[in-house]
Amino acid sequence: MASGFRDTLQLASGLTPRRVWNGLQVVSSYIRSRVLEQPRIAGLPMSVSIEPTTSCNLRCPECPSGLRSFTRPTGMLDKALFEKVIRELSPTLSYLTFYFQGEPYLHPGFLDMVRFASSLGIYTATSTNAHYLDEERARATISSGLDRLIISLDGTTQETYASYRVGGKLDKVLEGTRTLLRLRKEMRSATPHVVFQFLVVKPNEHQVPDVYALAKEMGVDGVWLKTAQIYDYQKGSPLIPDQEEYSRYRKNTDGTYRIKNELLNHCWKMWHSCVITWDGRVVPCCFDKDAHHVMGDLGTQSFREIWYSDRYNDFRASLLKSRSEIEMCRNCTEGTKVWA
C-alpha cells in the first residue's frame, strides 16, 4: 500500500502546469468527440510507448517477437531520433513507456535513453523478462531514474514458467529481481517501483495465489494480473484459462469462443496515447503489433504534424463510426463494456 502511494506521488511530482493543462485539453476533446461522434483533437498525448527494439531472447507463443513473425522491419531505436522526439514532446508528456515489442535491455543504449527522459521530468516505465538484471545493469537501472519496472513472471515453478516463457529461466528472473531490490535499498532509492506482471493462461492459473505470496516474500511492490490476448481465439486455445475471470473470452453453447466484452465505438487510447516503433513510425496503439496502421514517420515529420494529420483524424473518425470494422480492434478490451 505504502509503495503504491509513493509511486503515485512519483508520477504526480512530474506534473507541471503545462502538462496538467494538456491533460485537461485531451480529456475535454475526447468527451466532445464522443458526444458529437466526430473527432475533435486538442493537446498532445499524455502517454507514449516507444519501442527500443524488436529483438527478444525468448520465444513466447502469441508474441510476434517470440515467434519471429513480424512482417515489418526489425531493428533498434536510434538514439538521435529518440532524443529529437522526446524534446518535442517533453513539455506536455507525463508518462513514457519504453516497450512495445521485444526486450528493452537488449538495446545497448536503453538506460541512457531512460536517463535522458527522466532528466526532463517524465515518468518512465518499462517491461522486461528480467534475464539481464545482473549487478551492473541493476545498479544502472536504479541510477537511470527509471520510475517503474514491470517484470514478466508467468509462473512460480520452472516448468510452468517455461511453458509460456519458452527458453526462459525462472531462477534467473528471481535472482535479477532480488539483486535490483537489494541494490535499491543499498542506494537508498525510492525507484524503480517493481511489479510482477502475471499473464494468466491455462497452464499457470492455479499459481495465481502463489505469485502474490512470492512477491510478498521477496519485497516486490505489487502484482498485476493480465489477461492473455489469443489471436485465433474463436475455436479455443490451450492457453485460455478455465476460470473465466482471468480470460478475455467466453465459451459459446456451440463450443466456439467470443470476446467477453461488447465492442463500442470509442477508444480513449486514440486521444491520450500512441506507440512509436523503433524506426520512428507512429501507430495508434499497442494492438497494432505489425504496424499496419501507420499514421506518419518521425524521420520526416514532426510529431505534432502527425498527431493532427488528416490521416490520424480519419482513423479516429472510422473508429467512432464503426470500430468493429477495424481488424485490430476486434480482439481488444479497451473502451468496452462487460456483458451482463
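Described in the following lines is the structure provided in the data block.

What about the overall build of the protein?
- When helices and strands are tallied, the protein shows twelve helices and 13 strands.
- Each principal axis of the C-alpha distribution contributes one length, and for the protein these read about 55 × 50 × 40 Å.
- Sequence separation of at least 24 residues holds for 68% of the intrachain contacts in the protein that already meet a minimum separation of 6.
- A distance of 3 Å separates the average location of the 43 positive side-chain charges in the protein from that of its 38 negative side-chain charges.

Concerning the packing of helix 6 (residues 135-144) against helix 8 (residues 170-186)
- The contact between helix 6 and helix 8 brings their axes to 9 Å, and the two run at 50°. Accordingly, the angle class assigned to the pair helix 6 and helix 8 is oblique. At the point where helix 6 passes helix 8, the crossing takes the right-handed sense. Taking contact as the criterion, the partners of Glu-135, Ala-138, Arg-139, Thr-141 and Ile-142 in helix 6 are, on helix 8, Thr-179, Leu-180, Arg-182, Leu-183 and Arg-184.

A short note on the pairing of strand 3 (residues 123-128)
- With six of its six residues buried, strand 3 lies for the most part within the structure.
- Taking every second residue as pointing to the same face, both faces of strand 3 are buried, with Tyr-123, Ala-125 and Ser-127 on one and Thr-124, Thr-126 and Thr-128 on the other.
- Relative to strand 3, strand 2 (residues 95-98) runs parallel, the two sharing four bridges. Bridge pairing links Leu-96 to Thr-124 in strand 3.

Section: the packing of aromatic side chains
- Applying the stated criterion across every chain, the model contains ten aromatic pairs.
- By the ring-pair criterion, three or more aromatic residues cluster together here, those being Phe-82, Phe-98, Tyr-105, Phe-110 and Phe-116.
- When the ring centre of Phe-70 is taken as reference, the NZ or CZ atom of Arg-72 above it lies at 4.7 Å.
- A cation sits over an aromatic face here: Arg-316 above Trp-271, 6.0 Å from the ring centre.

Some remarks on the pattern of salt bridges
- If you walk through the whole model with that rule in mind, you get 14 salt bridges.
- Notably, a salt bridge pairs Arg-182 with Glu-186, separated by 3.2 Å at the nearest N-O pair. With Arg-182 and Glu-186 both in helix 8 and four residues apart, this pair spans about one turn of that helix.
- Here Lys-202 makes a salt bridge to Asp-242, at a shortest N to O gap of 3.6 Å. One end of the pair, Lys-202, is in the loop between strand 5 (193-200) and helix 9 (208-218); the other, Asp-242, is in the loop between strand 6 (222-227) and strand 7 (249-251), and 40 residues separate them in sequence.
- Owing to a relative accessible area of 39%, Lys-202 belongs among the partly exposed residues under this scheme.

What about a nonpolar patch on the surface?
- Together, Leu-15, Val-20, Trp-21 and Leu-24 make up a nonpolar patch on the protein surface, roughly 410 Å² of accessible area in all.
- Take Val-20: it is sitting in helix 2 (residues 17-36).
- Using a relative accessible area of 40% as the deciding quantity, one classes Val-20 as partly exposed.

Things to note about the environment of Thr-177
- Among the structural elements, Thr-177 can be located in helix 8.
- Expressed as a C-alpha distance, the spacing of Thr-177 and Ala-130, which sit 47 residues apart in the sequence, is 7.3 Å.
- Ignoring any residue separated from it by four or fewer positions in sequence, one finds Thr-177 in contact with Ile-151, Phe-196, Met-218 and Val-220.

Some words on the environment of Pro-203
- Its place among the elements puts Pro-203 in the loop between strand 5 and helix 9.
- For Pro-203, a relative accessible area of 31% puts it in the partly exposed group.
- Along the backbone, Pro-203 and Ser-163 are 40 residues apart, and their C-alpha atoms lie at a distance of 7.3 Å.
- Setting aside its immediate chain neighbours within four residues, Pro-203 contacts Thr-160, Ser-163, Pro-238 and Leu-239.

Looking at helix 8
- Look at helix 8: 24 Å from first C-alpha to last across 17 residues, which is about the 24 Å you get at 1.5 Å a residue.
- Burial in helix 8 covers these residues: Leu-170, Val-173, Leu-174, Gly-176, Thr-177, Thr-179, Leu-180, Leu-181, Leu-183 and Arg-184.
- Of the surrounding elements, those touching the buried residues of helix 8 are helix 6, strand 4 (148-152), helix 7 (158-164), strand 5 and helix 9.
- Arg-188 sits one or two positions beyond helix 8 and adopts a positive phi of about 55°.

So, unusual backbone geometry
- For the bond from Thr-191 to Pro-192, the omega torsion is 0°, close enough to zero to count as cis.
- Locating Pro-192 in the fold gives a position in the loop between helix 8 and strand 5.
- Within the chain, Glu-37 stands out as a residue other than glycine whose phi angle is a positive 60°.
- For Glu-37, a relative accessible area of 56% gives the class exposed.
- Although it is not a glycine, Ala-130 sits at a positive phi angle of roughly 65°.
- If you trace the backbone, Ala-130 turns up in the loop between strand 3 and helix 6.

What counts and what doesn't
Residues numbered from 1 in each chain as written. Predicted model: local features only at pLDDT ≥ 70, side-chain atom pairs only at ≥ 80, totals over all residues. Heavy atoms only, no water. Helix = DSSP H or I, 4+ residues; strand = E, 2+ residues; numbered from the N terminus. Contact = heavy atoms within 4.5 Å. Lys, Arg positive; Asp, Glu negative; His and termini not counted. Charge placed at Lys NZ, Arg CZ, Asp CG, Glu CD. Axes fitted to C-alpha atoms, helices over the stretch in contact; angles between N-to-C directions. Parallel < 35°, antiparallel > 145°, perpendicular 65-115°, else oblique. Left-handed = near helix turned anticlockwise from the far one by under 90°. Buried < 20%, exposed > 50% of the residue type's maximum accessible area, 1.4 Å probe, protein only. Pairing = 2+ DSSP bridges. Phe/Tyr/Trp six-rings, centres within 6.5 Å; stacked < 30°, edge-to-face > 60°. Lys NZ or Arg CZ within 6 Å of the ring centre and 35° of its normal. Salt bridge = Lys/Arg side-chain N within 4 Å of Asp/Glu carboxyl O. Patch = residues over 30% accessible without salt bridge, like charges linked within 9 Å, V, L, I, M, F, W, Y side chains within 5 Å. Areas by Shrake-Rupley, 256 points an atom, 1.4 Å probe, with all protein chains shown as cover. Expected span 1.5 Å × (residues − 1).

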